[in-house]
Amino acid sequence: MAAKLVYVLNGPNLNLLGTREPEIYGSQTLDDIGALLVARGEELDIAIDMRQSNHEGHLVDWLHEARAEGASAVLLNAGAYTHTSVALLDAIRAIGVPVIEVHLSNPHTREGFRHTSWVGMAAKGTIAGFGADSYLLALEAAARL
């Protein structure tokens, strides 16, 4: 049987992980996190397709692609788009693929505007506040879907 496919989509400024506000986001880069996910994915028989864009439309297109490619789940760290994007909300609702919202920090312990998540309104669940481990915990959840 072929490995399950999980898309891992990352939004704006996540390409700067490792140097961007490490006191909030940690010192691991997005490539570091990707390597952890690929290694754990191999153990779980899950193929990881990890991408990052600073452009909202790319994230919408990739959500559509996840559906077309038969992904079993999407892990989505939409960054700041989490709190602003009705387009991502609509795309998540449209694709029929379970989406797990992921955050390195806990948005509920931060500025008030981060307490509303448009992504979370359609996501299967949210994992936040565990740094890079948030992604690994989300992958474990995706494996159980």
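Please refer to the structure higher up on the page.
Not measured: the values here are computed from a predicted model. (Residues numbered from 1 in each chain as written. Predicted model: local features only at pLDDT ≥ 70, side-chain atom pairs only at ≥ 80, totals over all residues. Heavy atoms only, no water.)

(A) How the structure looks around the sheet that holds strand 1 (residues 4-10). Taking strand neighbours across the sheet as the criterion, the five strands line up as 2-1-3-4-5 in an open arrangement whose pairing is parallel. Either end of the sheet is taken by a strand with one partner, and the two such strands are strand 2 (46-52) and strand 5 (125-128). Across the sheet, the axes of successive neighbouring strands diverge by a mean angle of 20°, strand direction being ignored. Direction of pairing for strand 1 relative to strand 2: parallel, over a ladder of seven bridges. Across the sheet, the residue bridging to Tyr 7 is Asp 49, located in strand 2. Strand contacts of helix 2 (residues 30-44): strand 1 and strand 2, with the helix running at about 165° to strand 2, the strand carrying the most contacts. Lying over the sheet, helix 5 (residues 133-144) contacts strand 1, strand 2, strand 3 (73-77), strand 4 (99-103) and strand 5, oriented at roughly 165° with respect to strand 4. (Pairing = 2+ DSSP bridges. Helix = DSSP H or I, 4+ residues; strand = E, 2+ residues; numbered from the N terminus. Axes fitted to C-alpha atoms, helices over the stretch in contact; angles between N-to-C directions. Contact = heavy atoms within 4.5 Å.)

(B) Representation of helix 4 (residues 86-95) within the structure. Three or more residues of helix 4 are buried, namely Leu 88, Leu 89, Ala 91, Ile 92 and Ile 95. With its buried residues spanning 165° around the axis, helix 4 presents them on a single face. Where the residues of helix 4 are buried, they touch helix 3 (56-68), strand 3 and strand 4. One side-chain oxygen of the residue at the start of helix 4 lies 3.4 Å from the amide nitrogen of Ala 87, identifying that residue as Ser 85. A positive backbone phi angle near 70° is found at Gly 96, which sits one or two residues after helix 4. (Buried < 20%, exposed > 50% of the residue type's maximum accessible area, 1.4 Å probe, protein only. Arc of directions from axis to C-beta. Polar contact = N/O pair within 3.5 Å; in protein donor to acceptor, adjacent residues only side chain to side chain.)

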